[in-house]
Amino acid sequence: MASLPIKFSAEVQAARDASQPIVALESTIITHGMPYPENVSTALEVEDIIRTEGACPATIAILDGVIEVGLTREQIEHLAQRDDILKLSRADLAYALVAGKSGSTTVAATMICAAQAGIETFATGGVGGVHRGAEESFDISADLQELAKTPVMVVSAGVKALLDIPKTLELLETLGVPVVGFGTDEFPAFWSRESGEACPMRLDEPEQIAALYKMRATLGLEGGMMVANPVPAESEIPRNEMESDIIEAIDEANRRNVSGKDVTPFVLSRIKELTNGESLVTNIALVKNNAKLAARIANGLKA
Ligand code: PSU
Ligand code: MN
């Protein structure tokens, strides 16, 4: 077998040596999810939130064909400012390593790298899912099948309201992926606390979520789980306010024949324009909120 090109930052290596809790962070949110310079400031602030909670942040990306677990500020700046960084998922992660490319990791690719690094907890904004119109386009994020396969707990604010949320929840159930609402009976829709869909499970304490993760392992169940953490009320954009902007952004993506990996970044950036930047403010708040919860769950896993 080929040996795995993987490097740990000094901070992450020290946490590994001391068996401290580590929280993985994805990098597609930096390269394709947020504009510069908010992408850099958010990435750095999110890392600090995890440190404040007593855990070690590990932002993951591929740089020149190497999986970097834990990035320096300079590496984050470098990723954030270039526009030739690949958006990597399960299908092309190995390609980037062999071809010596640089790429950011989506939820799916971050889960794969985290599992290789022995990290069980991962904080992000929103997980990919079944797109509206998937019955025509077949556009279903590889994030969903990754949750079914790879043993990492993904803390998110649910899935973006631009997706087909009922179909996404159906598919997660079929795949055997637990979807656990943190302190909520309703599945959150990223910018909004409500989606109109019930959350399949609810737990109110980070320690209980850690216990659920351990129980699945005890049962011998493969795969990860999704923790759905609603955006704080003071930062949310209500569902009915988002919907017309979402429809307009998706219509525009269809008219311009945007497809494949480009759909999610295109729609996110269009929604930011249509909401006059408000969606970005909410996006930043929810990622920070998820980082805090993920650190608490990671602490619970070590307890
Ligand atoms: N949510 C965000 N910003 C993002 C993403 C999700 O707020 O940039 C990224 C994540 O990396 C996720 C990916 O894994 O979009 C899903 O892309 P796709 O729909 O092409 O599978
Ligand atoms: Mn897709």
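It should be noted that the structure appears before, not after, this text.
Thresholds, definitions, all that
Residues numbered from 1 in each chain as written. Chains lettered and ligands numbered in written order. Predicted model: local features only at pLDDT ≥ 70, side-chain atom pairs only at ≥ 80, totals over all residues. Heavy atoms only, no water. Helix = DSSP H or I, 4+ residues; strand = E, 2+ residues; numbered from the N terminus. Contact = heavy atoms within 4.5 Å. Areas by Shrake-Rupley, 256 points an atom, 1.4 Å probe, with all protein chains shown as cover. Lys, Arg positive; Asp, Glu negative; His and termini not counted. Charge placed at Lys NZ, Arg CZ, Asp CG, Glu CD. Near = heavy atom within 4 Å. Polar contact = N/O pair within 3.5 Å; in protein donor to acceptor, adjacent residues only side chain to side chain. 1 Å grid on protein atoms, 1.4 Å probe; cavity = no way out; pocket = protein on both sides within 12 Å on 5 of 7 lines; lining within 4 Å. Sits in = over half its atoms within 2 Å of the grid points. Axes fitted to C-alpha atoms, helices over the stretch in contact; angles between N-to-C directions. Parallel < 35°, antiparallel > 145°, perpendicular 65-115°, else oblique. Left-handed = near helix turned anticlockwise from the far one by under 90°. Nonpolar A, V, L, I, M, F, W, Y, C, P; charged D, E, K, R; others polar. Salt bridge = Lys/Arg side-chain N within 4 Å of Asp/Glu carboxyl O. Buried < 20%, exposed > 50% of the residue type's maximum accessible area, 1.4 Å probe, protein only. Pairing = 2+ DSSP bridges. Points joined across faces, edges and corners; volume = space filled by probe spheres on them. Core = buried A, V, L, I, M, F, W, Y, C linked by side-chain atoms within 4.5 Å.

Chemist: What exactly am I supposed to notice about the overall build of the protein here?
Modeler: Helices and strands together make up the secondary structure of the protein, namely 13 helices and 11 strands. Principal-axis analysis of the C-alpha atoms places the extent of the protein at approximately 50 × 40 × 35 Å. A separation of at least 24 residues holds for 74% of the contacts in the protein among residues at least 6 apart in sequence. Of the roughly 13100 Å² of accessible surface on the protein, a fraction of 50% belongs to carbon and sulfur atoms. Counting 26 positive and 43 negative side-chain charges, the protein places the averaged centre of each group 4 Å from the other.

Chemist: Where do I start with the site of ligand 1 in this structure?
Modeler: In the vicinity of ligand 1 there are 16 residues, among which Glu26, Lys87, Ser141, Asp143 and Thr264 approach most closely. Measuring from a nitrogen atom of ligand 1, one finds a side-chain N or O atom of Lys160 at 3.1 Å. Within the complex, 94% of the 480 Å² of free accessible area of ligand 1 lies under protein. Put simply, ligand 1 lies in the largest pocket.

Chemist: Please clarify how the packing of helix H3 (residues 38–52) against helix H13 (residues 278–302) should be interpreted in this entry.
Modeler: For any two helices packed against each other, the geometry is given by the interaxial angle and the distance between the axes. At a minimum axis distance of 8 Å, the contact between H3 and H13 shows a crossing angle of 25 degrees. Taken together, the axes of H3 and H13 are roughly parallel relative to one another. As H3 runs across H13, the sense of the crossing is right-handed. Of the residues in H13, those in contact with Glu38, Thr42, Glu45, Val46, Ile49 and Ile50 of H3 are Leu280, Ile284, Val287, Lys288, Ala291, Lys292 and Ala295. Residues of the contact of H3 with H13, tallied by class, amount to eight nonpolar, one polar and four charged.

Chemist: It is not clear to me how the packing of helix H11 (residues 239–255) against helix H12 (residues 263–274) should be interpreted in this structure. Could you clarify?
Modeler: At a closest axis distance of 9 Å, the pairing of H11 and H12 adopts a crossing angle of 135 degrees. In terms of orientation, H11 lies oblique with respect to H12. For the crossing formed where H11 meets H12, the hand is right-handed. On the side of H11, the interface is formed by Met242, Asp245, Ile246, Glu248, Ala249, Ile250, Glu252 and Ala253, while H12 contributes Phe266, Val267, Arg270, Ile271 and Leu274. When its residues are assigned to classes, the contact of H11 with H12 shows nine nonpolar, no polar and four charged.

Chemist: Help me understand the pattern of salt bridges, please; the structure alone is not making it clear to me.
Modeler: Pairing between side chains of opposite charge can happen when their charged atoms approach one another. Here the structure, examined in full by the defined rule, presents 17 salt bridges. We note a salt bridge from Glu47 to Arg51, for which the minimum N-O separation is 3.5 Å. Within this pair, Glu47 and its partner Arg51 are both found in helix H3, separated by four residues, close to a single helical turn. Owing to a relative accessible area of 33%, Arg51 belongs among the partly exposed residues under this scheme. Between Arg256 and Glu252 there is a salt bridge; the shortest N-O distance is 3.1 Å. Here Glu252 falls in the buried class, since its relative accessible area comes to 9%.

Chemist: Please explain the pairing of strand E9 (residues 179–182) as it appears in this structure.
Modeler: Where E9 and strand E11 (residues 225–228) come together, three bridges link them in parallel fashion. When the sheet's bridge partners are listed, Val180 is paired in E11 with Val227. The pairing of E9 with strand E10 (residues 201–203) spans three bridges and is classified as parallel. Residue Gly181 lies in a different strand from E10, and its bridge partner there is Arg202.

Chemist: What should I look at first to understand empty space enclosed by the protein in this one?
Modeler: To find the voids left in a structure, one rolls a probe of water-molecule size over its atoms. Tallied over the entire structure, the rule returns one cavity of 30 Å³ or more. Roughly 130 Å³ of internal volume is contained in the largest cavity. As for the largest cavity, its lining consists of 14 residues, of which Glu26, Ile29, Ala43, Val46 and Val287 are closest to the centre. Mapped by element, the contributors of at least two residues to the lining of the largest cavity are helix H2 (28–33) and H3.

Chemist: Is there a simple way to think about the environment of Ile67 in this case?
Modeler: Following the sequence through the fold, Ile67 ends up in strand E4 (residues 66–69). If we ignore the near neighbours within four places in the chain, the residues touching Ile67 are Leu4, Pro5, Ile6, Lys7, Ile60, Ala61, Ile62, Leu97 and Cys113.

Chemist: How do you make sense of the nonpolar core when you look at a structure like this?
Modeler: Taken as a class, soluble globular proteins show a tendency for nonpolar side chains to be buried jointly. In this structure, Leu162, Phe187, Trp191 and Val267 are the most contacted members of the largest nonpolar core, which totals 97 residues. Here the element with the most residues in this core is H13; it accounts for 11 residues.

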